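A structural walkthrough
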Amino acid sequence: MVAAGAALADEVGLAGLTMGLLAERVGVRTPSLYKHVSGQEDLNRRIAALALSEAADAVGGAVQGYAGRDALAAAARAFRAFVLEHPGRYAATLGMEPSGPDDPLATASRRLLDAFTAVLRGYQIAESDVNHALRMLRSLCHGFATLQAANGFQWSTDIDESFEWLIAFTDRGLRAL
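A brief report on the enclosed structure follows. (Residues numbered from 1 in each chain as written. Predicted model: local features only at pLDDT ≥ 70, side-chain atom pairs only at ≥ 80, totals over all residues. Heavy atoms only, no water.)

Some thoughts on helix 7 (residues 104–120)
Spanning 17 residues, helix 7 covers 25 Å between terminal C-alpha atoms, matching the ideal 24 Å at 1.5 Å per step. Leu105, Ala106, Ala108, Leu112, Ala115, Phe116, Val119 and Leu120 are the residues of helix 7 that are buried. Its buried side turned inward, helix 7 meets helix 4 (40–63), helix 5 (68–85), helix 8 (130–149) and helix 9 (159–176). Looking at where helix 7 begins, the residue whose side-chain oxygen comes 2.8 Å from the main-chain nitrogen of Leu105 is Asp103. (Helix = DSSP H or I, 4+ residues; strand = E, 2+ residues; numbered from the N terminus. Expected span 1.5 Å × (residues − 1). Buried < 20%, exposed > 50% of the residue type's maximum accessible area, 1.4 Å probe, protein only. Contact = heavy atoms within 4.5 Å. Polar contact = N/O pair within 3.5 Å; in protein donor to acceptor, adjacent residues only side chain to side chain.)

Here it is in C-alpha cells:
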C-alpha cells in the first residue's frame, strides 16, 4: 500500500495524494485502506520513511569505494537523481518529525546522514564542524534538486554543467576547512 502511495505521490505530487485517489489506484474502496494505514498522516509518514530509506540506499551505494571529491560527486548526483525521479515521495520527507529513536523515519534519516557523513570523512573536517558541513551539503543538494524538479531553472545554461560547478565549488570549500 505504501509503495503504491509513494508511486502515486510521484505522479500527482504529495499535495494531490489522497486516500480516495490511492484506493481508486489500487482498486479497493477507501475504507479498505484503513486496514493498512490509520489515515493520510500515517500514509505520508510511511512514504517519508520509505523515501529516506531509498535515498540512503542510493547515496550509500553511490559512495562505496570513493573518497574526497569523487565521493562528494557520487553522493550529490545520487541524491539529485533520487529527488528528480521521486519528487512526491521526497516531498513527504520535508518537515516530518520522527516520533522517537526507533521510528522507521529516524532510522532511515540516520542512514542517509551516515552516507553523507562518510563523504565528509575524506575532508578532514573538525568534529565540531561536521553538523555544519552536513547541513550545508543537505542545503546545496536539496536546494538544487528541488529547484530543478520544480522547473526552477529557466535560463539557457546547461543544468548538468551548473550542478557539476556546484560540486566543484563545494569540494573546494570543504578542502579549505
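A closer look at the packing of aromatic side chains
Remark: the centre distance and the inter-plane angle together describe each pair of aromatic rings, the angle taken between the planes. The full count for this structure, using the stated rule, is 6 aromatic pairs. Plain terms: the ring middles of Phe79 and Tyr90 are 5.6 Å apart, the flat faces sit at 90 degrees to each other, and that makes the pair edge-to-face. Here Phe79, found in helix 5, pairs with Tyr90, found in helix 6 (residues 87–93); they are 11 residues apart in sequence, far enough to count as distant. Since its relative accessible area comes to 4%, Phe79 is described here as buried. The interplanar angle of 10 degrees and the centroid separation of 5.4 Å between the aromatic rings of Trp165 and Phe169 together place this pair among those described as stacked. (Phe/Tyr/Trp six-rings, centres within 6.5 Å; stacked < 30°, edge-to-face > 60°.)

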